[in-house]
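Below, each chain spelled out in residue letters.
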Amino acid sequence: MTTAVSITGLRKSFGDKTVLDSVDLTIHSGEFVVLLGPSGTGKTTLLRLLTGLEVPDAGEVLVPARRTTVYQEPRLIPSKRVLANVVVGQRHSRENREAGLRALAEVNLDGKARQWPATLSGGEAQRAALARALVREPELLLLDEPFAALDALTRLQMQDLVGDLVARHRPAVLMVTHDVDEAIRLADRVLILDRGRFAVDVTIDLPHPRDRAAAETIRYRTEFLDQLGVH
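Note that the structure is a prediction, hence the values are computed from the model and not measured.

Regarding the pairing of strand E6 (residues 140-144)
Remark: a regular strand shows side chains that alternate across the two faces of the sheet. For E6, the buried fraction is high: five of the five residues fall into the buried class. Burial of the side chains of E6 extends over both faces: Leu140, Leu142 and Asp144 are buried on one face and Leu141 and Leu143 on the other. As paired elements, strand E5 (residues 67-70) and E6 share four bridges and run parallel to each other. Of the residues in E6, the one forming a bridge with Thr68 is Leu141. The sheet contact formed by E6 and strand E7 (residues 172-176) spans five bridges and is parallel. Counterpart to Asp144 in the pairing with E7 is Val176. A crossover connection joins E6 to the parallel E7 through helix H5 (residues 152-169); in handedness this β-α-β unit is right-handed.

Okay, structure coming up:
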């Protein structure tokens, strides 16, 4: 397997609070890893270290050059149409425009290329943000609670869409979420941060699509909720 992310001995503190303490992590190309943990345990800090927005106090963080992030908010530019948002920052060319249109088609927004962001629903705006990430053909896709602001049905639809797109494009993925069921539904591996270290690193050895009511799914859910202190 090709290694996409390699973290060794990572430590990060803010003032006198150590958020990440001697963290080691390897993520392979095509692997979908989901990070769980209570608020304040360092999940977003880890993502920011992978994007380069934070610098570690100690340790080594190796990531691919081609990496993109999808956040909880779509972060579309209101003054640019949907297609322009998808290809923003890229050279103006027929090839990039066609790649943007293909990305919109993949997220079922092929009829929205000329729309303004304000005309999109929340789910459509998040799909446009996903197209913007995927059009860059990332080797590492970082997802920071990308479905948290969506209603329950749209959230399930987006989970299915992301699962399908990741299976097709095969980037390494690290997704942060608070939703245990979402983690089990999507992940190849689930990590749980606790007091600066990984308290859980579990491979989800279940075929897709996953049955929420299956005995193995319930076992994983119980294990993760126990670790998170939810009984």
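Right, picking up where we left off after that structure.
Some words on the nonpolar core
Core analysis: the biggest nonpolar cluster contains 48 residues, and Phe32, Leu104, Leu130, Leu141, Leu143, Val190 and Phe224 have the highest contact counts within it. Top element by residues in this core is helix H4 (residues 122-134). It accounts for seven residues. With residues up to four places along the chain from it excluded, the contact list for Leu143 reads Phe32, Leu47, Val70, Val162, Val173, Leu174, Met175 and Val176. Formed by 22 residues, the second largest nonpolar core is a distinct cluster that contains Val19, Leu47, Ala172 and Leu191.

Thoughts on the sheet that holds strand E4 (residues 58-62)
Overall, antiparallel pairing links the three strands, which are arranged E2-E1-E4 in an open sheet. Only two strands of the sheet have a single partner each, and these edge strands are strand E2 (17-28) and E4. For this sheet, the mean inter-axis angle between neighbouring strands, taken without regard to orientation, is 15°. Examined bridge by bridge, strand E1 (residues 3-14) and E4 share four bridges and lie antiparallel to one another. Counterpart to Arg11 in the pairing with E4 is Ala58. Packing of helix H1 (residues 43-51) onto the sheet brings it into contact with E1, E2 and E4, and relative to E1 it is tilted by some 120°.

With respect to the sheet that holds strand E9 (residues 197-203)
Across the sheet, which stays open at both edges, the six strands sit in the order E5-E6-E7-E3-E8-E9 with mixed pairing between neighbours. Each end of this open sheet is capped by a strand with a single partner; those strands are E5 and E9. Neighbour to neighbour, the strand axes of the sheet diverge by 20° on average, direction disregarded. Packed on one face of the sheet, H1 meets strand E3 (32-36), E5, E6, E7, strand E8 (189-194) and E9 and runs near 150° to E6.

Quick word on the packing of aromatic side chains
Summed over all chains, the structure comprises one aromatic pair. On the basis of an interplanar angle of 25° and a centroid distance of 6.1 Å, the ring pair of Tyr220 and Phe224 is categorised as stacked. Placement of the pair is Tyr220 and Phe224 together in helix H7 (residues 215-227), with a separation of four residues, close to one helical turn. For the pair Tyr220 and Phe224, one class covers both residues: buried. One Lys or Arg, Arg75, reaches over the ring of Tyr71 and ends 3.7 Å from the middle of that ring. Here Arg219 stacks its cationic end above the ring of Tyr220, 4.6 Å away from the centre of that ring.

Some words on the pattern of salt bridges
Tallying each qualifying case throughout the model produces 18 salt bridges. A salt bridge links Arg185 to Asp160; its shortest N-O distance comes to 2.6 Å. In this pair, Arg185 sits in helix H6 (residues 180-186) while Asp160 sits in helix H5, placing the two residues 25 residues apart along the sequence. Note that Asp181 is salt-bridged to Arg221, the shortest N-O span being 2.5 Å. A residue pair is termed long-range when its members are at least 10 positions apart, and Asp181 in helix H6 and Arg221 in helix H7 qualify at 40 residues. By relative accessible area, Asp181 is classed as partly exposed at 22%. The network of salt bridges with common partners includes Lys12, Arg48, Glu54 and Asp57.

Observations regarding the pairing of E3
Burial of E3 is extensive: five of the five residues sit out of reach of the surface. Burial of E3 is two-sided: the residues Phe32, Val34 and Leu36 facing one way and the residues Val33 and Leu35 facing the other way are all buried. The sheet contact formed by E3 and E7 spans four bridges and is parallel. Note on E7: the bridge partner recorded for Val33 is Leu174. Note that E3 and E8 share four bridges and pair parallel. In the strand pairing of E8, Leu35 is matched with Leu191.

Basis of the calculations
- Residues numbered from 1 in each chain as written.
- Predicted model: local features only at pLDDT ≥ 70, side-chain atom pairs only at ≥ 80, totals over all residues.
- Heavy atoms only, no water.
- Buried < 20%, exposed > 50% of the residue type's maximum accessible area, 1.4 Å probe, protein only.
- Helix = DSSP H or I, 4+ residues; strand = E, 2+ residues; numbered from the N terminus.
- Pairing = 2+ DSSP bridges.
- Right-handed = clockwise from strand over helix to strand, strands pointing away.
- Core = buried A, V, L, I, M, F, W, Y, C linked by side-chain atoms within 4.5 Å.
- Contact = heavy atoms within 4.5 Å.
- Axes fitted to C-alpha atoms, helices over the stretch in contact; angles between N-to-C directions.
- Phe/Tyr/Trp six-rings, centres within 6.5 Å; stacked < 30°, edge-to-face > 60°.
- Lys NZ or Arg CZ within 6 Å of the ring centre and 35° of its normal.
- Salt bridge = Lys/Arg side-chain N within 4 Å of Asp/Glu carboxyl O.

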